[in-house]
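# Structural overview
Residue-level listing of the chains:
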Amino acid sequence: YASMSSFLFQNHFHFSAIQYGWVGCAIGLCSILGKVLCGTLSKWLNIQRGLALGLSNFLFIGLIIYVCQNAYSLNATDVIVLVGLCTLGQGFIGSNAMAGALSPHRQIGGTAAALYGGIQNLIAFTATMVISLLGVHSIKALALSYSLLGAIGLCLIVIQQARRD
């Protein structure tokens, strides 16, 4: 949602297209850092814990954005830092989700990866569409999307763990 919500930065904070481009660059660097951090910590975390860590990060950052926006008005720097921190967690989600989903299907890895990537895009599109249909075009929509995706993901991990046991 954050990467597709240029209107938040342009309308709410009055950013120009160039300033928003720099925001995208900063968030992209956080994404790279998150993937590197995930690779480094994968020695100590298994797939399930890494995924839970990334989703907990989404939930926690979403709640922080929501509470801070209600307590005082967040400025552009606050939002960029919080989105960057959330993007760090996204590195844990993407890598671990892909590894966990593809490990049982090693014999058809390429097909499974394509199918999995398509499903991820469909879920991301649907979540963004639902949030945008709510008619909330503010920082609260960003907080809501992070919190909901984190909470739903953590619930799915708990359900999957219960089915294994």
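Scroll up to find the structure.
Read on for an overview of the structure. Quick caveat, the model's predicted, so the values are computed rather than measured.

### A word on the overall build of the protein chain
On a plain count of helices and strands, the protein chain comes out with 6 helices and 0 strands. Along the chain direction, N to C, the helices and strands of the protein chain fall in the order α-α-α-α-α-α. Principal axes of the C-alpha set define a box for the protein chain whose edges measure 50 × 30 × 30 Å. By residue count, 33% of the 165 residues in the protein chain fall in the buried class.

### Topic: helix 4 (residues 76–102)
In this model helix 4 runs 38 Å from its N-terminal to its C-terminal C-alpha over 27 residues, within 8% of the 39 Å that 1.5 Å per residue would give. The N-capping residue of helix 4, defined by a side-chain oxygen 3.1 Å from the backbone nitrogen of threonine 77, is asparagine 75.

### Here we look at the state of the cysteines
Overall, the coordinates contain 0 disulfides when judged by the stated rule. No disulfide involves cysteine 25; its nearest neighbouring cysteine sulfur is the one of cysteine 30, lying 10 Å away. Not engaged in a disulfide, the cysteine cysteine 38 finds its nearest cysteine sulfur in cysteine 86; these two sulfurs lie 15 Å apart. Using a relative accessible area of 5% as the deciding quantity, one classes cysteine 38 as buried.

### As for the packing of helix 2 (residues 17–41) against helix 4
In the contact formed by helix 2 and helix 4, the axes pass within 7 Å of each other and the chain directions differ by 40°. As summarised for this structure, helix 2 and helix 4 are arranged oblique, according to the angle between their axes. Both helix 2 and helix 4 take part in a crossing whose hand is right-handed. Contacts from Val23, Ile27, Cys30, Ser31, Leu33, Gly34, Lys35, Leu37, Cys38 and Leu41 of helix 2 reach helix 4 at Ile80, Val83, Gly84, Thr87, Leu88, Gly91, Phe92, Ser95 and Asn96. Taken together, the residues of the contact of helix 2 with helix 4 break down into 11 nonpolar, 7 polar and 1 charged.

### Focus: the nonpolar core
Proteins that are soluble and globular tend to have nonpolar side chains buried together. Counting residues in each nonpolar core, the largest one holds 24 residues, and the members touching the most others are Phe9, Phe13, Ile65, Val79 and Tyr146. Mapped by element, the contributors of at least two residues to this core are helix 2, helix 3 (47–71), helix 4 and helix 6 (139–164). The dominant element in this core, judged by the number of residues it contributes, is helix 4, at 7 residues. Each residue touching valine 79, except ones within four places of it in the same chain, is listed here: Phe9, Phe13, Leu74, Ile139 and Leu142.

### Some points on a nonpolar patch on the surface
A surface patch of nonpolar side chains, amounting to about 540 Å² of accessible area, comprises Leu134, Leu144, Leu148, Ile152, Leu156 and Ile159. By the element assignment, isoleucine 159 lies in helix 6.

Conventions and cut-offs
- Along each chain, numbering runs from 1 in the same order as the chain's sequence is written.
- Restriction of local features to residues with pLDDT of at least 70 applies here, the model being predicted, together with a cutoff of 80 or more for giving and counting side-chain atom pairs; totals for whole chains, interfaces and linings are based on all residues.
- In computing side-chain properties, one takes all heavy atoms of the structure into account and sets aside hydrogens as well as water.
- Each helix is a run of DSSP H or I of at least 4 residues and each strand a run of E of at least 2, with the numbering of both proceeding from the N terminus.
- Three labels apply to residues, based on accessible area from a 1.4 Å probe with only protein chains included: buried if under 20% of the type maximum, exposed if over 50%, partly exposed otherwise in between.
- To estimate how far a helix should extend, the number of its residues minus one is multiplied by 1.5 Å.
- For this analysis, a polar contact is any N or O atom pair within 3.5 Å, provided that within protein one partner can donate a hydrogen and the other can accept it, and provided that sequence-adjacent residues contribute only side-chain to side-chain pairs.
- The criterion for a disulfide is a pair of cysteine sulfur atoms lying within 2.5 Å.
- All axes here are fitted lines through C-alpha atoms, helices being fitted over the stretch that makes contact, and every angle between N-to-C directions spans 0 to 180 degrees.
- Working definition: roughly parallel below 35 degrees, roughly antiparallel above 145 degrees, roughly perpendicular at 65 to 115 degrees, and oblique for all remaining angles.
- Left-handed describes a crossing in which the near helix is turned anticlockwise from the far one by less than a right angle; the clockwise case is right-handed.
- Here, two residues are considered to be in contact whenever any of their heavy atoms come within 4.5 Å of each other.
- In this count, Pro and Cys sit with the nonpolar residues alongside Ala, Val, Leu, Ile, Met, Phe, Trp and Tyr, while Asp, Glu, Lys and Arg are called charged and the others, Gly among them, polar.
- The definition of a nonpolar core used throughout is a set of buried Ala, Val, Leu, Ile, Met, Phe, Trp, Tyr and Cys residues joined through side-chain atoms within 4.5 Å.
- Like charges are joined within 9 Å and nonpolar side chains (Val, Leu, Ile, Met, Phe, Trp, Tyr) within 5 Å, but only among residues with over 30% relative accessible area and no salt bridge; these make up the patches.
- Each accessible area is a Shrake-Rupley result for a 1.4 Å probe, and residues are judged covered by the shown protein chains and nothing else.
- For salt bridges, the criterion is a side-chain nitrogen of Lys or Arg within 4 Å of an Asp or Glu carboxyl oxygen.

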